[in-house]
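Take a look at the letters that make up each chain.
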Amino acid sequence: VVVAKGSNNILFGALPIKYVGDAAFNLTATASSGLTVTYTSSNPNVATVLGSLVTIVGEGTTTITANQAGDSNWNAAPSVTQTLTVQPAINRGLVAYYPFNGNANDESGNGRHATNSASNTQFLSGSELKVTMDNSYYYGSGGHVALPNFSGSISNLATVSLWVRDETLLEGDGEAYFSFGEVLSGKTYFAIERNRGGLIFMMWPQAQYYWTPPDWASYSSHKKHLVLVKTTNAIVAYVDGVRLGSLATSLSPFPIDNNRSAVARHWWGGGQSSARLTATFDNLRVYSRDLTDAEVAQLYSQEVGTIDSDGDGLTDAYERGYGRYQMVTGAFSWDQAKADAEVRGGRGGGQRCGERRPDGSLVGRERCNHRGHLALGDWRSLELHQLGQYPAGRGDRAELSALQGGLG
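Residues numbered from 1 in each chain as written. Predicted model: local features only at pLDDT ≥ 70, side-chain atom pairs only at ≥ 80, totals over all residues. Heavy atoms only, no water.

Caption draft 1: Representation of the overall build of the protein within the structure. For the protein, the helix and strand inventory stands at 4 helices and 29 strands. Taken across its 408 residues, the protein has 47% of its residues classed as buried. In the protein, once contacts between residues fewer than 6 apart in sequence are set aside, the share between residues at least 24 apart is 61%. Carbon and sulfur atoms form 49% of the exposed surface of the protein, whose accessible area is close to 18700 Å². (Helix = DSSP H or I, 4+ residues; strand = E, 2+ residues; numbered from the N terminus. Buried < 20%, exposed > 50% of the residue type's maximum accessible area, 1.4 Å probe, protein only. Contact = heavy atoms within 4.5 Å. Areas by Shrake-Rupley, 256 points an atom, 1.4 Å probe, with all protein chains shown as cover.)

Caption draft 2: Summary view of the sheet that holds strand S6 (residues 47-50). The strand order across the open sheet built from 3 strands is S3-S7-S6, with neighbouring strands paired in antiparallel fashion. Every other strand in the sheet has two partners, leaving strand S3 (25-26) and S6 as the edge strands with one partner each. Pairing geometry for S6 and strand S7 (residues 53-56), over 4 bridges, is antiparallel. Bridge assignment links Leu50 to a residue of S7, and that residue is Leu53. (Pairing = 2+ DSSP bridges.)

Caption draft 3: Examining the packing of aromatic side chains more closely. Here the structure, examined in full by the defined rule, presents 14 aromatic pairs. When the centroid spacing of 6.5 Å and the interplanar angle of 75 degrees are considered together, the rings of Tyr177 and Phe281 count as edge-to-face. Placement of the pair is Tyr177 in strand S16 (residues 175-181) and Phe281 in strand S26 (residues 277-287), with a sequence separation of 104 residues. Side by side, Tyr177 and Phe281 carry an identical accessibility label, which is buried. Where Phe178 meets Phe190, the ring centres are 6.2 Å apart and the plane angle is 65 degrees; that geometry is what we call edge-to-face. With Phe178 in strand S16 and Phe190 in strand S17 (residues 189-195), the pair connects residues that are 12 residues apart, well separated along the chain. A relative accessible area of 0% places Phe178 in the buried class. Put simply, the rings of Phe150, Phe178, Phe180, Phe190 and Phe254 pair up and form one aromatic cluster. Taking the ring centre of Tyr137 as reference, the NZ or CZ of Arg276 above it sits at 4.2 Å. The positively charged end of Arg285 is found above the aromatic ring belonging to Tyr97, 4.4 Å away from the centroid. (Phe/Tyr/Trp six-rings, centres within 6.5 Å; stacked < 30°, edge-to-face > 60°. Lys NZ or Arg CZ within 6 Å of the ring centre and 35° of its normal.)

Caption draft 4: Main features of the sheet that holds strand S5 (residues 38-41). Spatially, S2-S9-S8-S5 is the arrangement adopted by the 4 strands of the open sheet, whose pairing is mixed. This sheet does not close on itself; its edge strands, each paired only once, are strand S2 (18-19) and S5.

Caption draft 5: Spatial organisation of the pattern of salt bridges. Scanning the model with the defined rule gives 10 salt bridges in all. Across the pair Lys224 and Asp166 runs a salt bridge, and its minimum N-O distance is 2.8 Å. With Lys224 in strand S20 (residues 224-230) and Asp166 in strand S15 (residues 158-169), the pair connects residues that are 58 residues apart, well separated along the chain. Close ionic contact of Arg260 with Glu182 constitutes a salt bridge, the shortest N to O distance being 2.6 Å. One end of the pair, Arg260, is in the loop between strand S22 (242-248) and strand S23 (261-263); the other, Glu182, is in the loop between S16 and S17, with 78 residues separating them in the sequence. A residue is classified by how much of its surface remains accessible, and Arg260, at 17% relative accessible area, is buried. We classify Glu182 as buried; its relative accessible area is 2%. Each of the salt bridges in this network shares a partner with another, and the network as a whole consists of Glu128, Lys223 and Asp282. (Salt bridge = Lys/Arg side-chain N within 4 Å of Asp/Glu carboxyl O.)

Caption draft 6: Region of the structure containing unusual backbone geometry. The omega torsion of the bond from Trp204 to Pro205 falls at 10 degrees, within 30 degrees of zero and hence cis. Phi at Asn135 takes a positive value of approximately 60 degrees, unusual for a residue other than glycine. By relative accessible area, which is 53% here, Asn135 ends up exposed.

Dropping the structure here:
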């Protein structure tokens, strides 16, 4: 009597999105025969498979194929594939991403699409959205983007990041770059607003961080990166990758009601609203976690591109030292700082107290007693003075002043 082999099938479910830096994880496909399933990865630069253990290597996509070859009693099972997507670590907790590529769609993969107003919005070439105000204290037809209600996805921890270039602000109480909630007794309001005197980073009614840009007269003429982070017990404000400050609050930005969430529009007083701002927006990101200082700086660095706000031929990112400098804290002599910087990739240069510079001038005592240093990958090592405590040469002071925010 000849007994036919049994049929054999593999059950292999979809794989969740992973992030660079995630721990290795096990695949759990099963075969109807009960025999062991084997796996392969089509792209070892993204992930490798050993047995059933997947190790993340880098960002991208790879096809994971599940196989079962059968045995004397079971036929080989048809292979089953699933796509594994590995995203950059900065995308961890990304709830929605709006690059405004000709629409207000969410490109995070989560499907939380926004809706631009029917009038006074224009998608520009280069992936930007321009909104035009309606020139009214109360809302009429001003351009804005209605955002979805993230209450089911975000609660206490949150980060909102966006790029904006202002053009016109109606004189009055200002307008929100983005807003979640409503300015009303018993409600909460999470927003960044601009008024006639500066910016307000808000977790209303408890925390309102006011900031007037030092270049306020020309503020509207250039594009800037604004970030508002809600940690466990505070809000933190950032501009162009630099932490401005923080304020304590016990409030949470979500949940909110009435779907009152938008770009370039805000609500108050039980239903009143306005859209008083003409501006261009780009790369709006909403997270369900609190990004760190380093992550905000990374986000700025990867999105700033070739922006050159002062028109001097050097990009803003280059002038802030992104990709060229590393902050190293601690107590160092000049020799120790120089040696440590060189180990970290700094090259050449640097003089210590009493030595001659290339131009013949003497390095004075002001270059001693360092609290840390900068490892400069482009050409030299430089100690980090605590500004205001140790005197420094004019050039050193200017360079360090320019870099201190961008270096953490």
